[in-house]
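Each chain, written out:
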Amino acid sequence: MFAAERRQLILEMVRANGAVSLRELARVVQTSEVTVRRDVRALEAEGLLDRRHGGAVLPGGFTRESGFPQKSHLATAEKTAIADCAAGLVEEGEAIVVGAGTTTQELARRLARVPGLTVVTNSLLVAQALAHANRVEVVMTGGTLRGSNYALVGSGAEQSLQGLRVSKAFLSGAGLTAERGLSTSNMLSASVDRALVQAAAEVVVLADHSKLGTDTMFQTVPTDVITRLVTDEAPAHDDRAAAELQALADQGVEIAVAGASGGAQGGSGGPGAPGVPGASGASGSSGGEGGPGRRQRRDVPLPGPRRQVPGAAAGLRSAGPLGEQPGGTERARVADMRRR
């Protein structure tokens, strides 16, 4: 077992039990107490847990990570709306990567209808949702199965993503702030998510309003790498979510707010995201002015009425006088010759 995997397992045991003895940790990770003590000391230096005499405990301020059964029943309506909105960003024939999570699982169910799509994923749930989609090719990473969220993690998953290049990456996480970007409470999951991001030209984050303003242990996607955030409409009294949306928009992140019907609301200052410049519908362009350093704010207007190409309608009629049918001049010339 690699040191990173061993320490991740130690963290998971501490989060699951609150406090674990060094002896028990050594037994589970199958190494000596000396090695475990060194791991615990390193994790404490990173602020991930606290050492106690003969063991380790959960640090203050960090909550335990919920497992899949708990997550799957949280904010189901919001996740459905976000998935509907995000699916509109995927075009026929694209190649994308989709990370692990209950929200990305909802997105995968909608991607089954996109013909010619190639989906690379480390999530068994995403792959299962696309298993019977005849027109979608699913490519899975290697790696070690993490049972709490049915995702493949570890060095095998990361190595299988090397050299990959796709158009978009769709990711979710445990928290999202303008200061740190997207984060998660699992070290190995964060590492694989970073590898997924490296493979994509654009990064789309799927996060409901309850994750806005929440900061967890491991950063996965810095704010300046996030192209677009797809979220739901926060309650009017949720000042924290509104402040984070404003801060994210100020840093150049495009905001798509999914309504109850699954469509995207808003525009620059529109009803979908009051006071959030740069909020847009899912059909807005994902490109923007950027460059090295701090990105400029991107205001993406909602699409207006379809424009008619000048001259297109005229091309359907004869260029002759009004009421004259095509070929009328030729018929008149023939009739005149007959009279003669």
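Residues numbered from 1 in each chain as written. Predicted model: local features only at pLDDT ≥ 70, side-chain atom pairs only at ≥ 80, totals over all residues. Heavy atoms only, no water.

Draft legend 1. View of the pattern of salt bridges. Inspection of every chain in the model, using the stated rule, returns 11 salt bridges. Here aspartate 39 makes a salt bridge to arginine 6, at a shortest N to O gap of 2.4 Å. Highlighted residues: aspartate 39 in helix α3 (residues 33-45) and arginine 6 in helix α1 (residues 3-17), separated in sequence by 33 residues. Each member of the pair, aspartate 39 together with arginine 6, is buried. Across the pair arginine 110 and aspartate 84 runs a salt bridge, and its minimum N-O distance is 2.4 Å. One end of the pair, arginine 110, is in helix α6 (residues 102-111); the other, aspartate 84, is in helix α5 (residues 76-87), and 26 residues separate them in sequence. On the basis of relative accessible area, aspartate 84 is assigned to the partly exposed category, the value being 31%. Via salt bridges that share partners, Asp84, Glu106, Arg109 and Arg110 belong to a single interconnected network. (Salt bridge = Lys/Arg side-chain N within 4 Å of Asp/Glu carboxyl O. Helix = DSSP H or I, 4+ residues; strand = E, 2+ residues; numbered from the N terminus. Buried < 20%, exposed > 50% of the residue type's maximum accessible area, 1.4 Å probe, protein only.)

Draft legend 2. Representation of unusual backbone geometry within the structure. For glutamine 30, which is not glycine, the phi dihedral falls at a positive 60°. Following the sequence through the fold, glutamine 30 ends up in the loop between α2 (22-29) and α3. You will see that tyrosine 150, though not glycine, has its phi angle at about 55°, which is positive. If you trace the backbone, tyrosine 150 turns up in the loop between β7 (144-146) and β8 (151-153). Its relative accessible area of 35% is what places tyrosine 150 among the partly exposed residues.

Draft legend 3. Fine view of the sheet that holds strand β11 (residues 181-184). Taken in spatial order, the three strands make up an open sheet running β10-β11-β13, and their pairing is antiparallel. Edge positions in the open sheet fall to β10 (175-177) and β13 (218-221), since each of these has one partner strand only. Each strand of the sheet is rotated relative to its neighbour by a mean of 40°, with strand direction disregarded. As paired elements, β10 and β11 share three bridges and run antiparallel to each other. Note on β11: the bridge partner recorded for leucine 176 is leucine 182. Packed on one face of the sheet, helix α9 (residues 187-198) meets β11 and β13 and runs near 20° to β13. (Pairing = 2+ DSSP bridges. Axes fitted to C-alpha atoms, helices over the stretch in contact; angles between N-to-C directions. Contact = heavy atoms within 4.5 Å.)

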